[in-house]
Every structure is written in C-alpha cells, then in structure tokens.
Amino acid sequence: MRTEICIYILIMAVITYLIRMLPLVVFRREIKSRFIKSFLYYVPYVTLSVMTFPAILTATGDIRTGLAGFVVALILSWKGFSLPAVAAAACAAVLIASVIL
Amino acid sequence: MKDKKSAATFAAGVRDGMPIAIGYFAVSFTLGIQAKSAGLTVWEAAVMSLTNLTSAGQFAAINIIAAAGSYLSVAVSQLIINLRYMLMSFALSQKVEPKLGIPHRMGIAFGVTDEIFGISIGLKERLKPAYSYGAMAVAIPGWTIGTALGVIMGSILPDMVVNALNLALYAMFVAIVVPVTRKDRKVAIVVIISMFLSWLCTKIPVICDISSGTRIIILTVIMALIAAAVFPVAEEGKNEN
C-alpha cells in the first residue's frame, strides 16, 4: 500500500469514526438547539442529492441510459422498494436501455 | 443466562443484518470499480472500505484522491458528508442502556451506517451491543469483500455491464432520499432545490471548475443552513407535511 494512500485512508477513517463515536461516548445529553438539530437533519439529504444529480445522468457514459436508470430508481424508491432492489432494477434498466438504444 | 441472551441478541443482529450485507456486497462492488479507476489497488480499496463503512463519503474521497486533491479537502469532505452519523449516534445514545460502558459504546459506534442505524433505531427494546455486533459481523465483510471483488473483477466485466453498475451507487442514494421526500414535504423541496443548484453549478463558468468534492461541501452547508432556518424541524423530530 502506498504511503500517501495510507494517509488518505487514515484521515478518512479517524474523522468518520470520531463523528460516530463522540456522541455515543462523550455527549449523553440531548442536543437542545432546534436550529442545529434541523441543520443535521437536512445535511444527509442535501449531500446525497447534490452528489446524485446531475452525476447520475453521466455515470454510464450515455446520458440516455443514465436517465433511464435514474427514472427507474425514482419510481421504485417512491414505491418503497428496498435499497438492493432499487439498485438492481436501476442497473437492469441501464443494461436494457443500452441494448435497445 | 447472560451468555445465552447475548447469543440470541447477536443472532438477531445477524438476521437483520443479512439483507444489508447482501445490498452492501452489490453496491460496494461498484465502489470497487470506482476505486480501481481512481488508481487504487485491491488492498487499498479493501482497507478503505473496512475502516470507513461509508458509501457517500468513500465515493467522494475516491474522487478527490483521483484528482490528487489535498489531505485537507479529503478531511473536510468526510467531516461534512458524514456529519449525519453524528445525529444518528445521538439518537442511538438514547437507545442504549444509560449505564452502558464506554468500550461497548465505542464498539457500536464503529458500525453506525445508514442501514445499521435504520434497523437499530427501529428496535422495540433497548439496543444491546450484541445486536450491533451481529449486524456488523455480516455487513462489514459484505462491504469489504464486495469492494475487493469490484477492484479485481471490474476489469473482467464488459463495458456495458460496468457502465450499468456505475449507476448502482447513485441508485442507492436515490433509494435513501426519495422515501423521506415522500413523508416530509420540506425535505422534498430541499432535495429538488439542491439538485437544481447542483446542476446549475455544472453550467456556471467559474464554479464548474471547482472540484466536485468542494462543491458538495459548499452546497451542503449552504442549503442545510437555509433549510434549517426556513424549515425548522418540529420539536419531536416528526415533520408535518
């Protein structure tokens, strides 16, 4: 393993673990601030949304198949299918679309 | 008596963790493919997955590493993108026995992923360490081995299949976000605006040159702050639509 990659991994792992560990170990009181609670509530959805779009359209190299996968993922998750099912169906949609188109 | 109960709790964790492990195996496979195109070796990718257990975070970090980004930008990206785990740990801190010792708290903390948090917080009874460990016992190998196989086998698969799998991680993100937009209209609005802004950033001349990792961080902080100010979450953690 290369040294600089080791350092990247170490940094990632330590920060991520501290984020997960500190509240469980150190802070046993509830966060009172409504603003901070709200901020933390929205962060994951904003992050995932920003990462997903528009990148999902170009993920496959062809915006049409990417769109097909995106639409299928949207529909199935709206209907409440599980994570693996949505991922599998979206991939299948891309495959089918790339054969048809 | 105590051992028997712990064993049963551990088994319950394994049982509930199985579907997560299978999902992780599939999704981490595509992560492995991304890692490979970023130049990482099997060991590097596997160790990264083993020590991090984050999909979005690892994904962002791989992009930054591929672009030879700074250690600082990787650090900041992990801090912002994984910040939600802090809220999850806070929630879990209410779910464990108040007198639970620090060692087990530290153990449980390692496995606080979106999905493991989901099954843990949904328990009717108190969260016991054995349950977390049971889930982690299957989920972590799933995530790690899937990553390794993705790096190894990614190059064997035909391009068409790789392209399709590249979408899997994004599809998983969609699967995490969309159900919440259905329950909470505020989140739906925030998500739509975030996606629009994200798209816009790729079109605006100067901003589109900022690395994607930095863009994600800036957009996240700005949007989440505005959302918190304009759509504060109701006191009990439930939102009315």
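Everything quoted here is computed from the prediction, not taken from an experiment.

Describe in detail the packing of helix α2 (residues 34–52) of chain A against helix α9 (residues 159–183) of chain B, supporting the description with residues and values.
The angle between the axes and the distance between the axes are what describe a pair of packed helices. Between α2 of chain A and α9 of chain B, the shortest axis-to-axis distance is 10 Å and the interhelical angle comes to 140°. Relative to α9 of chain B, the element α2 of chain A is oriented oblique. The interaxial crossing formed by α2 of chain A with α9 of chain B has left-handed handedness. Two secondary-structure elements touch here, α2 of chain A through Tyr41, Tyr45, Leu48, Ser49, Met51 and Thr52 of chain A and α9 of chain B through Tyr170, Phe173, Val174, Ile176, Val177 and Val180 of chain B. Classifying every residue of the contact of α2 of chain A with α9 of chain B by side-chain character gives 10 nonpolar, 2 polar and no charged.

If you had to explain the interface of chain B and chain A to someone new, which residues and values would you point to?
Taken together, the contact pairs 100 residues of chain B with 65 residues of chain A. Here chain B and chain A share an interface that buries about 7,600 Å² over both sides, 76% of which is from carbon and sulfur atoms. Here chain B is connected to chain A by 1 salt bridge. As a salt-bridge pair, Glu44 of chain B and Arg2 of chain A come within 2.8 Å of each other at their nearest N and O atoms.

Which residues make up the side chain of Ser93 of chain B, and what values go with them?
All names here are of chain B. Among the secondary structure elements, Ser93 is positioned in helix α5 (residues 84–95). Classification of Ser93 as buried rests on a relative accessible area of 9%. From its side chain, Ser93 meets the backbone oxygen of Phe90 in a polar contact 2.5 Å long.

I'd like to hear about the environment of Val190 of chain B, residue by residue, with values.
By the element assignment, Val190 of chain B lies in helix α10 (residues 185–203). On the basis of relative accessibility, which here comes to 3%, the residue Val190 of chain B falls in the buried class. A C-alpha to C-alpha distance of 18 Å links Val190 of chain B and Tyr170 of chain B, two positions 20 residues apart in sequence. Leave out the neighbours within four places in its chain, and Val190 of chain B touches Tyr42 and Val46 of chain A together with Met223, Ala227 and Phe231 of chain B.

With reference to specific residues and values, describe the nonpolar core.
Grouped together as the largest cluster of nonpolar side chains are 83 residues, with contacts concentrated most on Tyr42, Met51 and Ile56 of chain A together with Phe173 of chain B. Per-element accounting of this core gives the leading share, 16 residues, to α9 of chain B. In this structure Ile56 of chain A touches Gly66 and Phe70 of chain A together with Leu167, Tyr170, Ala171 and Val174 of chain B, once residues within four positions along its chain are discounted. If you look at the next biggest cluster of nonpolar residues, it comprises 19 residues, including Ile19 and Leu24 of chain A together with Ala75 and Val112 of chain B.

Account for the packing of helix α1 (residues 3–25) of chain A against helix α2 (residues 42–52) of chain B, with residues named and values stated.
Running from amino to carboxyl end, α1 of chain A crosses α2 of chain B at an angle of 15°, the nearest separation of the two axes being 9 Å. In terms of their interaxial angle, α1 of chain A and α2 of chain B are classed as roughly parallel. The handedness of the crossing between α1 of chain A and α2 of chain B comes out as right-handed. Contacts from Ile5, Ile9, Met12, Ala13, Thr16 and Arg20 of chain A in α1 of chain A reach Glu44, Val47, Met48, Thr51 and Asn52 of chain B in α2 of chain B. Split into classes, the residues belonging to the contact of α1 of chain A with α2 of chain B amount to 6 nonpolar, 3 polar and 2 charged.

Please give an account of α2 of chain A that cites residues and values.
Residues and elements named next belong to chain A. The end-to-end C-alpha distance of α2, which contains 19 residues, comes to 28 Å, matching closely the 27 Å that a straight helix rising 1.5 Å per residue would cover. The buried fraction of α2 is high, at 15 of 19 residues. Between the side-chain oxygen of the N-cap and the backbone nitrogen of Phe35 there are 3.3 Å, and the N-cap of α2 in question is Ser33.

Can you break down unusual backbone geometry residue by residue, with the values?
Backbone torsion omega between Phe53 of chain A and Pro54 of chain A reads 0°, so that peptide bond is classified as cis. Locating Pro54 of chain A in the fold gives a position in the loop between α2 and α3 (55–58). Phi is positive for Leu53 of chain B, close to 50°, though the residue is something other than glycine. As for its placement among the helices and strands, Leu53 of chain B is situated in the loop between α2 and α3 (55–66). In this model, Ala68 of chain B sits at a positive phi of 55°, which is unusual for a non-glycine residue. Structurally, Ala68 of chain B can be placed in the loop between α3 and α4 (71–81). Given a relative accessible area of 64%, Ala68 of chain B falls into the exposed group.

I'd like a rundown of the side chain of Glu44 of chain B, residues and numbers included.
Assignment of secondary structure puts Glu44 of chain B in helix α2. What makes Glu44 of chain B buried here is its relative accessible area of 1%. Within the structure, Glu44 of chain B has its side chain in polar contact with the side chain of Arg2 of chain A (distance 2.8 Å). Within the structure, the side chain of Glu44 of chain B is placed 2.9 Å from the backbone nitrogen of Thr41 of chain B, a separation counted as a polar contact. Excluding residues that lie within four positions of it along the chain, Glu44 of chain B makes contacts with Met1, Arg2, Ile5 and Ile9 of chain A together with Gly39 of chain B.

Can you break down the pattern of salt bridges residue by residue, with the values?
Residue and element names in this part refer to chain A. With the rule as written, the count across this model stands at 3 salt bridges over all chains. As a salt-bridge pair, Arg64 and Asp62 come within 3.1 Å of each other at their nearest N and O atoms. Overall, the relative accessible area of 23% leaves Asp62 in the partly exposed class.

Give me a nonpolar patch on the surface: which residues, what numbers.
Nonpolar side chains collect at one region of the surface, where Ile96, Val99, Ile100 and Leu101 of chain A together with Met160 of chain B lie side by side and expose about 530 Å² of accessible area between them. Ranked by residue count, the leading element in the nonpolar patch is helix α5 (residues 83–100) of chain A, at 3 residues. Tracing the sequence through the fold places Met160 of chain B in helix α9. We classify Met160 of chain B as partly exposed; its relative accessible area is 40%.

What counts and how
- Every chain is numbered independently, its residues counted from 1 as its sequence is written.
- By the order in which they are written, chains take letters starting at A while ligands take numbers starting at 1.
- Totals for whole chains, interfaces and linings use all residues, but because this is a predicted model, local features are given only for residues with pLDDT of at least 70 and pairs of side-chain atoms are given and counted only at 80 or more.
- Where side-chain values are given, they derive from all heavy atoms of the structure, hydrogens and water being excluded.
- Axis angles are defined between N-to-C directions and span 0 to 180 degrees, where every axis is a line fitted to C-alpha atoms and, for a helix, only to the segment in contact.
- Every helix listed is a DSSP run of H or I at least four residues long, and every strand listed is a run of E at least two residues long, numbered separately from the N terminus.
- By definition in this entry, angles of less than 35 degrees are roughly parallel, angles greater than 145 are roughly antiparallel, angles of 65 to 115 are roughly perpendicular, and the rest are oblique.
- Crossing handedness is read from the near helix: turned anticlockwise from the far helix by less than a right angle, it gives a left-handed crossing, and turned clockwise, a right-handed one.
- Contacts: residue pairs with any heavy atoms within 4.5 Å of one another.
- Polar here means any residue other than Ala, Val, Leu, Ile, Met, Phe, Trp, Tyr, Cys and Pro, which are nonpolar, and Asp, Glu, Lys and Arg, which are charged; Gly is therefore polar.
- By convention, the term buried area covers the 1.4 Å-probe accessible surface removed from two parts as they join, with the contributions of both added.
- The salt bridge criterion pairs a side-chain nitrogen of Lys or Arg with a carboxyl oxygen of Asp or Glu, the two atoms within 4 Å.
- Three labels apply to residues, based on accessible area from a 1.4 Å probe with only protein chains included: buried if under 20% of the type maximum, exposed if over 50%, partly exposed otherwise in between.
- Pairs of N or O atoms are called polar contacts if they sit within 3.5 Å, as long as, within protein, a hydrogen donor faces a hydrogen acceptor (for residues adjacent in sequence, only side-chain-to-side-chain pairs).
- What we call a nonpolar core is a set of buried Ala, Val, Leu, Ile, Met, Phe, Trp, Tyr and Cys residues that are connected through their side-chain atoms within 4.5 Å.
- One less than the number of residues in a helix, times 1.5 Å, gives the span that helix is expected to have.
- Candidates for patches are residues over 30% relative accessible area with no salt bridge; among them, like charges are joined within 9 Å and nonpolar side chains (Val, Leu, Ile, Met, Phe, Trp, Tyr) within 5 Å.
- Each accessible area is a Shrake-Rupley estimate made with a 1.4 Å probe; only the visible protein chains count as cover when residues are assessed.

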